[in-house]
Structure formats: structure tokens, C-alpha cells
Amino acid sequence: MATEVLHQTDQGEAERRAAFFAHIAAGGKVEATDWMPDDYRRQVLKFVEMHANSELMGVLPEREWILRAPTLKRKLALTAKVQDEVGHAQLLYRVAEDLGKSREEMWRDLLAGKTKFHNVFHYPTETWGDVGIIAWLIDAAAIVAQQALRGSSYGPYARTMQKICWEESVHIMHGRDIVLTLVNGTPKQRAMVQDALDRWWAPIMQMHGFRTPPEKDKDLAWRIKAKSNEELRQEFLAIYVPRILEIGLTIPDPELRYDEEAKRWRYTEPDWDELTRVVTGHGPKSAERLQFRQIHYADTAWVRDVILGEGPGALAAD
Ligand SMILES: [Fe+2]
Ligand SMILES: [Fe+2]
């Protein structure tokens, strides 16, 4: 009897899973309060948490330039962008929290180097040219991925992406304006932005990730994301290579060309070992940026104590 009940329960569970995956395969959405298999929940959480971490860590390379921005207008625009990115992190941590991991835990894992953030935020921002290239091309590479995420099977994530994408499109305009000003400036300014592009091109080409075959990509199979890494890279190249060349910049890849027959962009194979090294915390700025966050987290503990009403700094209830 017991075996029979167990068998029936197992079968019920299997059917429930099958119905769930059929629902998402057919384009259905999943809400935070819906039943979902544990592996789906874990996978969405991991994906959204990494995205949230990336928005948060992504402000550090730009933040360094707020005080050095060349004009008041640039300073205001860069400050607004940094605020937007922190806001994106807030929205995404909320989405992730609903999946069962507390914000505190996500912070601890990020600060301990246990969870990841995007490769591009592990590199230094050496000149004002870098600020333009980051806001123009890194935000562009990100928006290609984020626009596709509006079709995510996880409803709260898909909806959050709509607001984020709108703001990202403004970041791209801000970045393009900086780059255009530099390319139309003095030879030194032009050289500065070309140098920035030369240094950022490799990380940008790695940014969408490995060419994982779609059938082996769980995020894709479960429609947590709607397009494969290579599809996103191809889309980015199709839109931005002409725009980069149009303003007279040179792309530092002699192999880069559109293959008419194969209907795809060909490029020098990105250094995937570098990508692995960098996202596992061994990039040129990984340690320094995490350390900055650790110091900042300790420095602001009293604010959390007071606001959350916990710990020694809490205000008395009366
Ligand atoms: Fe963002
Ligand atoms: Fe952005």
C-alpha cells in the first residue's frame, strides 16, 4: 500500500513537472506564487542574482569617473546613470528575493566571491574614453540580452526588464554622445576613444558567454532567457559594427566580417579561458572592487541596524 501511494505521488509529481514545462515551452508565464519545480526556481534565482550583482558591481567602473567628468553636464548625466544602475540592482534583488534567498545572503555570497557578476565589470576604467565606450557599447551589448529577457518565462523578471530596458536605451544615447564628441574632437581625444575601444573589444566579445549549444543550455530550454548566447552576440554585431565603423573607429579584429553565405558574423575566437578566469574573480580589478564593496558594507552596517530595527544600533521601540 505504502509503495503504491509513493508510486502514485511520484507519478503525480512527474505529471505536474511535465505540465509545468509544457506550459513554459508553449510561451506561458510563471508567477512568484505559482507552483514551480525546485530546479526551475534555483535556475531562475541564479540567473537573476547574477544579473543583480552585475548591475551593482557595474556602477563601480563608472562611479570612479563622476568627479573627473569633464563638464557639469557630463557629471550630471553620469551620476544619473550610476543611480539608474543601482536602481536596477534593487529591482532585481527584489525579484530574486521572492524566489527564496534573502538579500542579506545574496550580499554575503557576492562579497565572499561565491556568486558571479559579468566579466566586463572586472576591468579598469582608464580614461574618459572608457566611460563613453562602456555606456555606449557595453550597455548596448547588455540591452540586446535584456530586450530578449522581456520574453522570459518568469513573469516578474520579464516585467522588470521593461523598465530596465527603457533606462538602458537612455544610457546608450549618453555613451554615444560622449564617443561622438571625442571622435569629433582633437587628435588626442580621437586616439583616446580608439584606445578605449581597442582594450574593451575582447571583453565585449566575451560578454554574451560561451557558444553553448542551445540544447545544452537550461536557461534557454526553460525560457528563462529567450535567445542563445551566440544569437545575442550576432545581433549585437549586426547592429553595432556598422555604427562603430560609420563614425570612423577601427574594430581591433582583422577576422571580423559578415559571411553572406552563412548569414552570420565571423570573428576571431574570443579567449574563453580569460572569460572563465575573470568571472571567477581573477580579473584585473576583481579583488579591488569586491574589497570596496566589503568596506562599504561594513561602514553602512549602522544604517541597516537602525532602519531594520535590528542589532546594537537599532532605535528603541518606544
Ligand atoms: Fe542597468
Ligand atoms: Fe545601463
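These numbers come from a predicted model, not from an experiment. (Residues numbered from 1 in each chain as written. Chains lettered and ligands numbered in written order. Predicted model: local features only at pLDDT ≥ 70, side-chain atom pairs only at ≥ 80, totals over all residues.)

Quick question: what am I supposed to make of the environment of Val-193 here?
Inspection of the secondary structure puts Val-193 in helix H7 (residues 187-207). Placed 51 residues apart in sequence, Val-193 and Ala-142 show a C-alpha to C-alpha distance of 20 Å. Residues in contact with Val-193, not counting those within four places in the same chain, are Gly-129, Gly-132, Ile-133, Val-179, Leu-182 and Val-183. (Helix = DSSP H or I, 4+ residues; strand = E, 2+ residues; numbered from the N terminus. Contact = placed C-beta atoms within 7 Å.)

Explain the nonpolar core here, please?
A general feature of soluble globular proteins is that nonpolar side chains tend to end up buried together. Core analysis: the biggest nonpolar cluster contains 56 residues, and Val-44, Val-48, Ala-96, Ile-133, Leu-137, Ala-141 and Ile-204 have the highest contact counts within it. For this core, the elements supplying multiple residues, two or more each, are helix H2 (38-63), helix H3 (72-97), helix H4 (103-111), helix H5 (128-149), helix H6 (155-183), H7 and helix H9 (229-246). In terms of residues, this core owes the most to one element, H5, which gives 14 residues. Setting aside residues no more than four positions away along its own chain, Ile-133 makes contact with Val-179, Val-193, Ala-196, Leu-197 and Trp-200. (Core = buried A, V, L, I, M, F, W, Y, C linked by C-beta atoms within 7 Å. Buried ≥ 20, exposed ≤ 12 C-beta atoms within 10 Å, placed from the backbone.)

Would you mind showing me how to read the domain arrangement of the protein chain here?
Quoted interface sizes are often the accessible area lost when the parts come together. Per the domain assignment, the segments making up the protein chain are domain 1 (1-29) and domain 2 (31-284). Spacing between the C-alpha centres of domain 1 and domain 2 amounts to 37 Å. Of the residues lining the interface, four residues belong to domain 1; the matching set on domain 2 comes to eight residues. A breakdown of the residues in the side of domain 1 that touches domain 2 according to their chemical character gives two nonpolar, no polar and two charged. (Domains from an automatic or database assignment. Nonpolar A, V, L, I, M, F, W, Y, C, P; charged D, E, K, R; others polar.)

What exactly am I supposed to notice about H7 here?
At 3.6 residues per turn, the α-helix brings residues three or four places apart onto the same side. The terminal C-alpha atoms of H7, which comprises 21 residues, lie 30 Å apart, in line with the 30 Å expected from a rise of 1.5 Å per residue. Helix geometry: H7 is bent most strongly at Trp-200, by close to 40°, with proline Pro-203 lying one to four residues after it. Along H7, the positions that sit buried rather than exposed are Val-193, Ala-196, Leu-197, Trp-200, Trp-201, Pro-203, Ile-204, Met-205, Gln-206 and Met-207. Buried positions along H7 lie against H5, H6 and helix H10 (272-282). A positive backbone phi angle near 95° is found at Gly-209, which sits one or two residues after H7. (Expected span 1.5 Å × (residues − 1). Bend = angle between axes of the 7 residues up to and from the residue.)

Mind showing me how you'd approach the confidence of the model for the protein chain here?
Note that predicted coordinates carrying low pLDDT should not be read in detail. Put simply, the protein chain has an average pLDDT of 93, and 94% of its residues get 70 or more. Low confidence marks residues 1-6, where pLDDT is under 50. Its contacts with residues over four positions away, or in another chain, come to zero contacts. Throughout residues 313-318 the model reports pLDDT below 50, and contacts reaching past four residues in sequence, or to other chains, amount to eight contacts. (pLDDT = per-residue confidence, 0-100.)

How should I be thinking about unusual backbone geometry in this particular structure?
Leave glycine aside and you will find that most residues have negative phi; peptide bonds, for their part, are mostly trans. Within the chain, Arg-223 stands out as a residue other than glycine whose phi angle is a positive 55°. For Arg-223, the location among the structural elements is in the loop between helix H8 (218-221) and H9. When the 20 C-beta atoms within 10 Å are taken as the criterion, Arg-223 is described as buried. Backbone geometry places Lys-263, a non-glycine residue, at a positive phi of 55°.

How should I be thinking about the environment of Tyr-297 in this particular structure?
Its place among the elements puts Tyr-297 in helix H11 (residues 286-299). For Tyr-297, a count of 14 C-beta atoms within 10 Å puts it in the partly exposed group. Note: C-alpha distance between Tyr-297 and Glu-126 (171 residues apart in sequence) is 25 Å. Dropping the residues within four chain positions of it, Tyr-297 is found in contact with Trp-107 and Leu-111.

Before we go on, may I ask you to explain the packing of H3 against H6 in this structure?
In a pair of packed helices, the angle between the axes and the distance between the axes together describe the arrangement. With their axes 11 Å apart at the nearest point, H3 and H6 run at an angle of 170° to one another. It follows from the interaxial angle that H3 and H6 lie roughly antiparallel. H3 and H6 meet at a crossing whose hand is left-handed. For the pair formed by H3 and H6, the contact residues are Ala-77, Lys-81, Asp-84, His-88, Leu-91, Leu-92 and Val-95 on the first element and Pro-156, Tyr-157, Thr-160, Ile-164, Glu-167, His-171 and His-174 on the second. Taken together, the residues of the contact of H3 with H6 break down into seven nonpolar, four polar and three charged. (Axes fitted to C-alpha atoms, helices over the stretch in contact; angles between N-to-C directions. Parallel < 35°, antiparallel > 145°, perpendicular 65-115°, else oblique. Left-handed = near helix turned anticlockwise from the far one by under 90°.)

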